[in-house]
Amino acid sequence: MQEITIDYALRATWQSVARMYNEEAKKFGSTMAVGFALLSIDPKQGTPSTSLGPRMGMEATSLSRILKSMEEKGLIERRPNPDDGRGVLIYLTPFGLEKRKDSKDVVLRFNEVVREQLSDQQLNAFFEVMETINQVISEKKVYKNESTTN
């Protein structure tokens, strides 16, 4: 039997999780991306639009489409940032806060069910592995970012 690569296991698992979240989000008339955005917006102080993309690991163009859709559905509103005249803060509307709670409940349920299947030792090992993978990537231990000049 062929050995499964680490990236394949990560990708296949994440695709299963994303599919599961999207199926659940459909029941609420939403998508996983909208749910993730709702969870990424500070419910009390709002979130600068410029920090939302990096927080979610999304490109600006994809995020702007999601935010436009969320605004049209009455989930969010944009307000000028009082600390930065050029910036915009994204706030959840009362409806957005309600849908944020739905998203949070879905995520917590998934975590609860998975945690029931794993020992503390297995869960700790999982998080250690994820931390190591992120560290290897952030420290550019796999592919060096060397610029070549001719």
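Note that this is a predicted model, so its numbers are computed, not measured.

Enquirer: Looking at this structure, I do not really get the packing of helix 2 (residues 32–40) against helix 3 (residues 49–56). What am I missing?
Expert: Two quantities define a packed helix pair, namely the angle between the axes and the distance from one axis to the other. In contact at an axis separation of 10 Å, helix 2 and helix 3 are set at 120 degrees when each is read in the N-to-C sense. The angle between the axes of helix 2 and helix 3 places the two elements in the oblique class. Crossing geometry of helix 2 relative to helix 3 is assigned as right-handed. Between helix 2 and helix 3, the contacting residues are Ala33, Phe36, Ala37 and Ser40 on the first element and Leu52, Arg55 and Met56 on the second. Its residues placed into classes, the contact of helix 2 with helix 3 shows 5 nonpolar, 1 polar and 1 charged.

Enquirer: For this particular structure, what's the right way to read the sheet that holds strand 1 (residues 47–48)?
Expert: Each strand in a sheet pairs with another by means of backbone hydrogen bonds, the pair being arranged parallel or else antiparallel. What the 3 strands build is an open sheet, ordered 1-3-2; its pairing is antiparallel. Of all strands in the sheet, those bounded by a partner on one side alone are strand 1 and strand 2 (76–81).

Enquirer: Is there a simple way to explain the pattern of salt bridges in this structure?
Expert: Oppositely charged side chains may form a pair once their charged atoms are brought near each other. Summed over all chains, the structure comprises 10 salt bridges. In this structure, Arg11 engages Asp7 in a salt bridge whose closest nitrogen and oxygen atoms are separated by 3.3 Å. You can see Arg11 and its partner Asp7 sitting in helix 1 (residues 6–26), 4 residues apart, about one turn around the helix. In this structure Asp7 comes out as partly exposed when scored by relative accessible area, which is 44%. In this structure, Arg109 engages Glu112 in a salt bridge whose closest nitrogen and oxygen atoms are separated by 3.3 Å. With a gap of 3 residues between them, Arg109 and Glu112 both fall in helix 5 (residues 94–117), about one helical turn apart.

Enquirer: Would you mind going over the side chain of Ser40 with me for this structure?
Expert: In this fold, Ser40 is placed in helix 2. In this structure Ser40 comes out as buried when scored by relative accessible area, which is 6%. Other than its neighbours up to four places away in sequence, Ser40 contacts Thr47, Leu52, Arg55 and Met56.

Enquirer: Can you walk me through the layout of surface pockets in this structure?
Expert: In this approach a probe as big as a water molecule rolls over the atoms, and the regions it shows empty are the leftover space. Approximately 1200 Å³ is the volume attributed to the largest pocket. Contributing to the lining of the largest pocket are 40 residues, with Trp14, Val17, Tyr21, Met32 and Phe110 lying nearest its centre. Take the lining of the largest pocket: its biggest share by element is 10 residues, from helix 5. Looking at the lining of the largest pocket residue by residue, the class counts come to 26 nonpolar, 8 polar and 6 charged. The space that makes up the second largest pocket amounts to roughly 150 Å³. Every residue along the wall of the second largest pocket is listed here: Ile133, Val136, Ile137, Val142 and Tyr143. Class assignment for the residues of the lining of the second largest pocket results in 5 nonpolar, no polar and no charged.

Enquirer: Would you mind going over the packing of aromatic side chains with me for this structure?
Expert: Think of a pair of aromatic rings as described by two things: how far the centres are apart, and how the planes are tilted against each other in angle. All chains considered together, the criterion is met by 2 aromatic pairs. Taken together, a centroid distance of 5.8 Å and an interplanar angle of 70 degrees make the contact between Tyr21 and Phe110 edge-to-face. With Tyr21 in helix 1 and Phe110 in helix 5, the pair connects residues that are 89 residues apart, well separated along the chain. What makes Phe110 partly exposed here is its relative accessible area of 26%. Seen in terms of ring centroids, Phe126 and Phe127 are 5.2 Å apart; in terms of plane orientation they differ by 65 degrees. Their pairing is edge-to-face. Overall, the relative accessible area of 42% leaves Phe126 in the partly exposed class. Note on Phe127: relative accessible area 43%, which makes it partly exposed.

What counts and what doesn't
Residues numbered from 1 in each chain as written. Predicted model: local features only at pLDDT ≥ 70, side-chain atom pairs only at ≥ 80, totals over all residues. Heavy atoms only, no water. Axes fitted to C-alpha atoms, helices over the stretch in contact; angles between N-to-C directions. Helix = DSSP H or I, 4+ residues; strand = E, 2+ residues; numbered from the N terminus. Parallel < 35°, antiparallel > 145°, perpendicular 65-115°, else oblique. Left-handed = near helix turned anticlockwise from the far one by under 90°. Contact = heavy atoms within 4.5 Å. Nonpolar A, V, L, I, M, F, W, Y, C, P; charged D, E, K, R; others polar. Pairing = 2+ DSSP bridges. Salt bridge = Lys/Arg side-chain N within 4 Å of Asp/Glu carboxyl O. Buried < 20%, exposed > 50% of the residue type's maximum accessible area, 1.4 Å probe, protein only. 1 Å grid on protein atoms, 1.4 Å probe; cavity = no way out; pocket = protein on both sides within 12 Å on 5 of 7 lines; lining within 4 Å. Points joined across faces, edges and corners; volume = space filled by probe spheres on them. Phe/Tyr/Trp six-rings, centres within 6.5 Å; stacked < 30°, edge-to-face > 60°.

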